[in-house]
Amino acid sequence: MDESSATGIVFSIQKFSTEDGPGIRTTVFLKGCPLHCPWCHNPESLSPRPELVWHALRCLGDGACLKACPEKALTRAGSVLQIDRKRCIACGICVEECPAAALEILGKKMTVTEVMAEVRKDSRYYEKSGGGVTFSGGEPTLQSEFLRELLEACRAAGLHTALDTCGQCRPETLAALLPGVNLVLFDLKTLDRDALKRFTGGQLDLILDNLRLADSRGIPIWVRVPVIPGYTDSPANIEAIARLVGSDLRHVERLDLLAFSNLCLAKYEQLGMEFALKGSPLFSPEEMLALREAAERAGAKNAVVSGPMRSNGPA
Ligand code: SF4
Ligand code: SF4
C-alpha cells in the first residue's frame with residue numbers, strides 16, 4: 001500500500017469539476033462544518049457524521065424500511081417518511097431493504113488509499129487541462145489529519161491541489177496543511193463582524209488571520225464571496241472585501257463573486273431541513289456585473305462573476 005490507511009468521512013467525489021480551481025478537477029467533499037450559513041449549498045456537509053436521506057419520488061410506500069429498522073427511527077405520516085435523527089445511527093439496514101433505492105446514506109468512511117484510487121482515475125485529464133484535485137466540504141480542515149495525508153499523497157503523485165476553506169479553523173491546523181496546497185480557495189462572506197457571527201457562527205478576526213497566514217506563505221489565493229440577497233450583497237460589503245484583497249494581500253489572484261443559487265432546495269427537503277432562502281430570487285446578470293464593477297473600482301484586480309442568474313423579467 002502506497003498511502004496511509006487514515007480514514008475520513010467523504011460525502012461526495014465530484015469528477016470533471018471546472019468551478020473549483022483551474023482546469024478539469026476532481027473535488028473531494030469532506031463532511032462536517034463549524035459554520036451554519038443559512039445559504040449553504042451543501043446542507044449534507046454540515047454534520048460530521050453519515051446521514052440517512054429519503055428520496056420521496058422513488059418511494060413505493062411499502063414500509064419495508066419501517067419493519068427493518070432496529071432503532072425504530074422511521075415512521076410514516078401520510079405519504080411522508082419521517083426520520084427521527086436522534087434515533088437513527090445511519091446503520092444502512094433500511095437502505096439495503098428498500099426495493100426502490102429511495103433511501104441513501106450520505107457520507108462514507110474512506111481511507112486515503114481509496115480516495116486516491118478515485119482521484120488517480122482522471123490523472124490524464126488533469127495533465128491535459130492544467131487541473132488537479134480540490135478538497136472542499138463542509139470545511140475540510142475539520143478532518144485535518146485525513147486531509148494532510150490526502151494532500152501528501154497528491155503531492156507524491158504529482159497532482160495539483162486546491163484547498164477550499166472558510167478559514168474557520170485554528171491557525172496551527174491551517175499552517176500544517178499549507179505546505180501541501182498549491183492554491184487556496186478562501187471563502188470570505190462579509191467583513192461585518194457581528195453579522196458574520198450572527199448568521200454563520202464565524203469569527204471574523206480568526207478568519208482574516210488565516211487569510212493573511214495563507215497569503216504570507218506565498219500560495220496563490222482565490223477569494224470567493226457568496227453573494228447572498230440580504231446577507232452579503234450590499235455594494236459596501238463587496239467593496240470592503242475588494243479593498244482588503246486589493247491592498248493588504250499580495251497573493252490573491254482573483255476575486256470570485258458567486259451568485260446565490262437555490263438549486264440546493266431539494267437537498268434540504270431530503271434532509272428534512274428548512275432552507276431559509278427558499279423564496280429568494282436569483283440575481284440578474286446586470287446586478288452581478290454592477291457588483292463586479294464596484295469591486296474593480298474598489299481595487300480588486302481580477303473580479304470574476306459566476307453562478308446561476310435569472311434571465312429577463314421577474315424571478
Ligand atoms: S439507517 Fe439504520 S437506524 Fe437509521 S433509519 Fe435506517 S435502519 Fe434505522
Ligand atoms: S422501503 Fe423504500 S420504497 Fe419502501 S417505504 Fe421505505 S423508503 Fe419507501
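Conventions and cut-offs
Residues numbered from 1 in each chain as written. Chains lettered and ligands numbered in written order. Predicted model: local features only at pLDDT ≥ 70, side-chain atom pairs only at ≥ 80, totals over all residues. Heavy atoms only, no water. Buried < 20%, exposed > 50% of the residue type's maximum accessible area, 1.4 Å probe, protein only. Helix = DSSP H or I, 4+ residues; strand = E, 2+ residues; numbered from the N terminus. Pairing = 2+ DSSP bridges. Axes fitted to C-alpha atoms, helices over the stretch in contact; angles between N-to-C directions. Contact = heavy atoms within 4.5 Å. Domains from an automatic or database assignment. Buried area = accessible area lost by both parts, 1.4 Å probe. Salt bridge = Lys/Arg side-chain N within 4 Å of Asp/Glu carboxyl O. Nonpolar A, V, L, I, M, F, W, Y, C, P; charged D, E, K, R; others polar. Core = buried A, V, L, I, M, F, W, Y, C linked by side-chain atoms within 4.5 Å. Near = heavy atom within 4 Å. Disulfide = S-S within 2.5 Å. Arc of directions from axis to C-beta.

Looking at the pairing of strand β2 (residues 25-30)
Point 1. β2 sits mainly inside the fold: 6 of its 6 residues count as buried.
Point 2. Every second residue of β2 is oriented toward a common face, with R25, T27 and F29 on one face and T26, V28 and L30 on the other, all of them buried.
Point 3. Sheet topology places strand β1 (residues 7-17) next to β2; 5 bridges connect them, and they run antiparallel. Bridge pairing in β2 places Q14 opposite T27.
Point 4. Bridge count between β2 and strand β8 (residues 132-136): 5 bridges; the pairing is parallel. When the sheet's bridge partners are listed, R25 is paired in β8 with G132.

Here we look at the sheet that holds strand β11 (residues 221-227)
Point 1. Strand order in the open sheet formed by 9 strands is β7-β1-β2-β8-β9-β10-β11-β12-β13, with mixed pairing between adjacent strands. Strands at the two margins of the open sheet, each flanked by one partner only, are β7 (108-111) and β13 (303-306). Each strand axis lies, on average, 30° off the axis of its neighbour in the sheet, ignoring direction.
Point 2. The pairing of strand β9 (residues 161-165) with strand β10 (residues 183-187) spans 4 bridges and is classified as parallel. By the bridge assignment for β10, L163 is matched with V184.
Point 3. In the packing of helix α5 (residues 144-156) onto the sheet, contacts are made with β1, β2, β7, β8 and β9, and the angle to β8 comes to roughly 175°.

So, the domain arrangement of the protein
Point 1. Assigned domains of the protein: these are domain 1 (7-47 + 109-306) and domain 2 (51-106).
Point 2. Just the C-alpha atoms count here: the centres of domain 1 and domain 2 sit 32 Å apart.
Point 3. Across the contact, 5 residues belong to domain 1 and 6 residues belong to domain 2.
Point 4. Together, K31, Q270 and L271 form the three largest contributors to the area buried by domain 1 at its contact with domain 2, with a combined 72%.
Point 5. For K31, the salt bridge goes to E51, with nearest N and O atoms at 2.7 Å.
Point 6. In the side of domain 1 that touches domain 2, the residues fall into 1 nonpolar, 2 polar and 2 charged.

Topic: the nonpolar core
Point 1. Counting 69 residues, the largest nonpolar core has L211, V223, L255 and L257 as the members making the most contacts within it.
Point 2. Residue contacts for L255: discarding those within four places in its chain leaves V223, V225, I241, A242, A295, A300, N302, A303 and V304.
Point 3. With 13 residues, the next largest nonpolar core counts L52, C65, L74 and L81 among its residues.

Things to note about the site of ligand 2
Point 1. Around ligand 2, the structure places 14 residues, and the nearest of them are C59, L60, D62, C65 and C98.
Point 2. Of the residues in the shell around ligand 2, the class split is 10 nonpolar, 2 polar and 2 charged.

A look at the state of the cysteines
Point 1. Using the criterion set out here, one finds 0 disulfides in the structure.
Point 2. As a non-bridged cysteine, C154 has C169 as the owner of its nearest cysteine sulfur, 18 Å distant.

As for the environment of A56
Point 1. Here A56 lies in the loop between β3 (51-54) and α1 (64-68).
Point 2. Residue A56 is classed as partly exposed on the basis of its relative accessible area of 45%.
Point 3. Distance from A56 to R212, taken between C-alpha atoms, is 45 Å for residues 156 residues apart in sequence.

Considering helix α3 (residues 112-120)
Point 1. When α3 is considered as a whole, its buried residues turn out to be V112, V115, M116 and V119. Along α3, the residues classed as buried sweep out an arc of 95° about the axis, all on the same side.
Point 2. Looking at the buried side of α3, the elements it contacts are β1, β2, β7, α4 (123-129), β8 and α5.

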